[in-house]
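Breakdown of the fold
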Amino acid sequence: YVMRKVLVMGGVILTAGVVAIAAPDKKEMAERIQNAAVVLDEIHKAPDNDIPNDLWAKASCVGVLPSVKKDAFIVGGEYGKGVMSCRNGDGWSAPSFIELEKGSIGFQIGGESVDLVYLVMNENGVRHMIANKVSLGAEASAAAGPVGRDTRAMTDAQMKAEVLSWSRASGVFAGVNLSGGSLRPDVDTNEAMYGKGVTAKSILVDKKIQATADASPFMR
């Protein structure tokens, strides 16, 4: 009986500990937004390593996953975290938190970590992005994005893709195809930031949520 009680209490303590560890942290949320803003700013300032301006103008949404560890592409079950915003008239929606699952992404990147940026190019892609989980390359067509100031050299696959993506590792910026991975809304973090019941759809599509002060660097 005593041993059973000890095991039960141990399970309760362990469960509480897991919940405490998993709970989203306000500081971590603010840092995730800030780091995403830094990635966009640094890419935009690079004279020859920018995302073409006309793609920015056409994009329905932009997502940034800063400092995704290389191990996330080797060891199953690991993933990267970032934020995503969708166009709202002349501006952009509040950022929604996102997660990238490794799946079977068919590429390897040197260096200890990589920054990932993607653009969602049409409304069909947006519809996929607000689902519980979207498989890139299967449910949403994906291609490596072109690098430079214009898109005259874009391939047919790039022009038709719903999601174009880029990576930056060890100072090297290049298009990268995320097919084989999957994106999903970070439900717990969205609710921790904006309130219970707030979904990616209400943030990105319905535009019912106002961006917090912590989001201002990313919004700029």
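Report follows, based on the coordinates. (Residues numbered from 1 in each chain as written. Predicted model: local features only at pLDDT ≥ 70, side-chain atom pairs only at ≥ 80, totals over all residues. Heavy atoms only, no water.)

A short note on the packing of helix H2 (residues 26-45) against helix H6 (residues 187-194)
For any two helices packed against each other, one specifies the inter-axial angle together with the distance between the axes. H6 packs onto H2 with a crossing angle of 100 degrees between their chain directions and a minimal axis gap of 11 Å. Classified by the angle between their axes, H2 and H6 sit roughly perpendicular to one another. On H6, the residues touching Lys 26, Met 29, Arg 32 and Ile 33 of H2 are Thr 189, Ala 192 and Met 193. The residue makeup of the contact of H2 with H6, split by class, is four nonpolar, one polar and two charged. (Axes fitted to C-alpha atoms, helices over the stretch in contact; angles between N-to-C directions. Helix = DSSP H or I, 4+ residues; strand = E, 2+ residues; numbered from the N terminus. Parallel < 35°, antiparallel > 145°, perpendicular 65-115°, else oblique. Contact = heavy atoms within 4.5 Å. Nonpolar A, V, L, I, M, F, W, Y, C, P; charged D, E, K, R; others polar.)

Let's talk about the nonpolar core
Membership of the largest hydrophobic core comes to 55 residues, with the highest contact counts inside it found for Met 84, Tyr 118, Met 129 and Leu 183. The leading source of residues in this core is H2, at seven residues. Once residues within four sequence positions are removed from consideration, Met 129 is found in contact with Met 84, Tyr 118, Val 120, Val 134, Leu 136, Val 163, Leu 183 and Pro 185. (Core = buried A, V, L, I, M, F, W, Y, C linked by side-chain atoms within 4.5 Å. Buried < 20%, exposed > 50% of the residue type's maximum accessible area, 1.4 Å probe, protein only.)

Here's the deal with unusual backbone geometry
Phi angles above zero are rare outside glycine, and Ser 67 is one such case at about 55 degrees. Along the polypeptide, Ser 67 turns up in strand E1 (residues 61-69). Positive phi, close to 55 degrees, is recorded for Lys 207, a residue that is not glycine. Mapped onto the elements, Lys 207 comes out in the loop between helix H7 (200-204) and helix H8 (216-219).

Things to note about the environment of Asn 190
Assignment of secondary structure puts Asn 190 in helix H6. Asn 190 sits 13 residues away from Ile 203 along the chain, and the two C-alpha atoms are 8.9 Å apart. Every residue in contact with Asn 190, bar those within four places of it in the chain, is listed here: Ser 96, Phe 97, Gly 195, Val 198, Ala 200 and Ile 203. Polar contacts involving the side chain of Asn 190 include one to the main-chain amide nitrogen of Phe 97, which spans 2.9 Å. (Polar contact = N/O pair within 3.5 Å; in protein donor to acceptor, adjacent residues only side chain to side chain.)

So, the pattern of salt bridges
Applying the stated rule across the entire model yields eleven salt bridges. For Lys 196, the salt bridge goes to Glu 191, with nearest N and O atoms at 3.6 Å. Here Lys 196 falls in the exposed class, since its relative accessible area comes to 77%. By relative accessible area, which is 21% here, Glu 191 ends up partly exposed. (Salt bridge = Lys/Arg side-chain N within 4 Å of Asp/Glu carboxyl O.)

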